[in-house]
Amino acid sequence: LPLAGSGLGLGPLTAPGGQPFSADWNIVEAEYFETMRIQLVSGRDFSAGDRDGTQPVAIVGELAAGRFWPGQDAVGKYLQQPPGPPGTDTPARTLLVVGVARDLKYRSLGDIPRLFVYVPFQQRYDPFMSIVARTANGQRITSEIRALVASMNPNLPITAAQTLEDVAALGLAPQRIAASVSGSLGSVGLLLAAIGIYGVTAYAVTRRTREIGVRLALGASRADIVRMVLRQGMSLAAVGSVIGLLLAAGASRLLVALLFGVPPLDPVTFLGAAVLLAAVGLAACYLPARRATRIDPIEALRYE
């Protein structure tokens, strides 16, 4: 099962040109890809005709197809599987590639890309199996599946029943811990940035009290003072945001293994971060700016 932390091995394969390689395997039934929403980029799914005694078939992942048949359609090509070790009844087989599927991260989200091969259950029987069911409204149907299996053979044991979220929970624990820690550190960093911007802006307003008094005495409006203070504070926030985003863009290359469904330079993420930093900077600058408008020009002219 995806993200369950383990893989399945059914022996080595020989690619075109006699190059042996190892791959992760999965033994699946027809409509497995539809149930798991795994896209077939070319070829077909397994069918009821792919049974014992017929031509052995396989579906390979995109990585395997691109490595062994670069620039070609892997459908219709062949893979050779040598016989099993002495003492086993596994004969040599020639697998006809009938489809190419999107590659997945099966063991964990941080897993490196692997060569993957799927074979049909009717041609490669295994007594230990997982039944994967997807419902239209997400309801639990464990009891119905147990009743169906018991109606066919009451001696078949069901050792565990879980949702895919439960199965993947252990494998996702490192990523979730890392996300929680980084989120907490990010929140603390955002708070410190807001305090820093507020402190610098407030200090600048205090240093410019006499100047602000002169401006007010010469007819500057309260709105002019607010814009002046905000302009100074937001310029510092903008410079800091640009530097931070550039550093984040560089660091994101090191975090590719922890990203799932998000590219390293995701424009939505970076734009959202920039907007958030701008909002925090504006809030941190607004209070000193409002305080600057309450300065009494007469008192400010006496200020040293």
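All values reported here derive from a predicted model rather than from experimental measurement.

(A) Seen up close, the overall build of the chain. Tallying secondary structure elements over the chain gives 8 helices and 8 strands in all. For the chain, the C-alpha radius of gyration of 31 Å lies well beyond 19 Å, the compact-globule estimate for 304 residues. Taken over the C-alpha atoms alone, the chain extends approximately 100 × 50 × 30 Å along its principal axes. The burial tally for the chain puts 29% of its 304 residues in the buried class. In the chain, once contacts between residues fewer than 6 apart in sequence are set aside, the share between residues at least 24 apart is 70%. Summing over all exposed atoms, the chain offers an accessible surface of approximately 18700 Å²; the carbon and sulfur share of this is 62%. Treating the 27 positive side-chain charges of the chain as one cloud and the 22 negative ones as another, the clouds have centres 13 Å apart.

(B) Spatial organisation of empty space enclosed by the protein. In total, this model carries 1 cavity of 30 Å³ or more according to the counting rule given. Of the volumes computed, that of the largest cavity is approximately 30 Å³. When residues of the lining of the largest cavity are traced back to their parent elements, those giving at least two are helix H4 (164-207) and helix H6 (222-252). No other element matches the 3 residues that H6 contributes to the lining of the largest cavity. Looking at the lining of the largest cavity, its residues break down into 5 nonpolar, 1 polar and 1 charged.

(C) View of the nonpolar core. In this structure, Phe-21, Val-60, Leu-79, Val-117 and Val-119 are the most contacted members of the largest nonpolar core, which totals 22 residues. Going through the elements one at a time, strand E1 (13-15), strand E3 (24-28), strand E5 (57-61), helix H2 (62-68), strand E7 (93-101) and strand E8 (116-120) are the ones with two or more residues in this core. Within the second largest apolar cluster, 15 residues are counted, among which are Ile-197, Val-205, Leu-230 and Cys-285.

(D) Representation of the packing of H4 against H6. Viewed as axis vectors pointing N to C, H4 and H6 meet at an angle of 145°, and their least axial separation amounts to 10 Å. In terms of crossing hand, the pair formed by H4 and H6 is right-handed. Residue-level inspection shows Ile-197, Val-200, Thr-201, Ala-204 and Val-205 of H4 in contact with H6, the latter providing Val-229, Gln-232, Gly-233, Leu-236 and Ala-237.

(E) Here's a closer look at the environment of Ala-292. Among the secondary structure elements, Ala-292 is positioned in helix H7 (residues 267-293). Along the primary structure Ala-292 and Leu-63 are separated by 229 residues, whereas in three dimensions their C-alpha atoms are 63 Å apart. Ala-292 has contacts with Val-205, Ile-212, Ile-225 and Val-229, leaving out every residue within four places of it along the chain.

(F) Representation of the packing of H4 against H7. Interhelical geometry of H4 versus H7 gives an angle of 30° and a closest axis separation of 9 Å. When the axes of H4 and H7 are compared, the pair comes out roughly parallel. Viewed along their axes, H4 and H7 form a crossing whose handedness is right-handed. The residues of H7 that touch H4, namely those facing Leu-190, Ala-194, Ile-197, Tyr-198, Thr-201, Ala-202, Val-205 and Thr-206, are Leu-276, Leu-277, Val-280, Gly-281, Ala-284, Cys-285, Leu-287, Pro-288, Arg-291 and Ala-292. Per-class residue counts for the contact of H4 with H7 are 14 nonpolar, 3 polar and 1 charged.

(G) Molecular detail of the environment of Gln-72. Note that Gln-72 resides in the loop between H2 and strand E6 (78-81). Distance from Gln-72 to Tyr-203, taken between C-alpha atoms, is 67 Å for residues 131 residues apart in sequence.

(H) Highlighting the confidence of the model for the chain. Overall, the predicted model of the chain reaches an average pLDDT of 81, with 91% of residues at or above 70. For the chain, helix H8 (residues 297-301) is the element with the lowest average pLDDT, namely 63, and E5 is the one with the highest, namely 91.

(I) Here's a closer look at a nonpolar patch on the surface. Taken together, the side chains of Val-188, Leu-191, Leu-192 and Ile-195 define a hydrophobic patch exposed on the protein surface, amounting to about 400 Å² of accessible area. Relative to the helices and strands, Leu-192 is located in helix H4. Under the relative-accessibility criterion, Leu-192 is labelled exposed at 55%.

(J) Main features of H4. Here H4 spans 61 Å end to end across 44 residues, near enough to the 64 Å set by a 1.5 Å rise per residue. Leu-172 marks the point of greatest bend in H4, at about 60°, and the proline Pro-174 comes within the next four residues. Of all the positions in H4, only Val-167, Ala-168, Leu-172, Gln-175, Ala-194, Ile-197, Thr-201, Ala-202, Ala-204 and Val-205 are classed as buried. Next to the buried residues of H4 lie helix H5 (209-217), H6 and H7.

Calculation rules
Residues numbered from 1 in each chain as written. Predicted model: local features only at pLDDT ≥ 70, side-chain atom pairs only at ≥ 80, totals over all residues. Heavy atoms only, no water. Helix = DSSP H or I, 4+ residues; strand = E, 2+ residues; numbered from the N terminus. Rg over C-alpha atoms; globule rule 2.2 N^0.38 Å. Buried < 20%, exposed > 50% of the residue type's maximum accessible area, 1.4 Å probe, protein only. Contact = heavy atoms within 4.5 Å. Areas by Shrake-Rupley, 256 points an atom, 1.4 Å probe, with all protein chains shown as cover. Lys, Arg positive; Asp, Glu negative; His and termini not counted. Charge placed at Lys NZ, Arg CZ, Asp CG, Glu CD. 1 Å grid on protein atoms, 1.4 Å probe; cavity = no way out; pocket = protein on both sides within 12 Å on 5 of 7 lines; lining within 4 Å. Points joined across faces, edges and corners; volume = space filled by probe spheres on them. Nonpolar A, V, L, I, M, F, W, Y, C, P; charged D, E, K, R; others polar. Core = buried A, V, L, I, M, F, W, Y, C linked by side-chain atoms within 4.5 Å. Axes fitted to C-alpha atoms, helices over the stretch in contact; angles between N-to-C directions. Left-handed = near helix turned anticlockwise from the far one by under 90°. Parallel < 35°, antiparallel > 145°, perpendicular 65-115°, else oblique. pLDDT = per-residue confidence, 0-100. Patch = residues over 30% accessible without salt bridge, like charges linked within 9 Å, V, L, I, M, F, W, Y side chains within 5 Å. Salt bridge = Lys/Arg side-chain N within 4 Å of Asp/Glu carboxyl O. Expected span 1.5 Å × (residues − 1). Bend = angle between axes of the 7 residues up to and from the residue.

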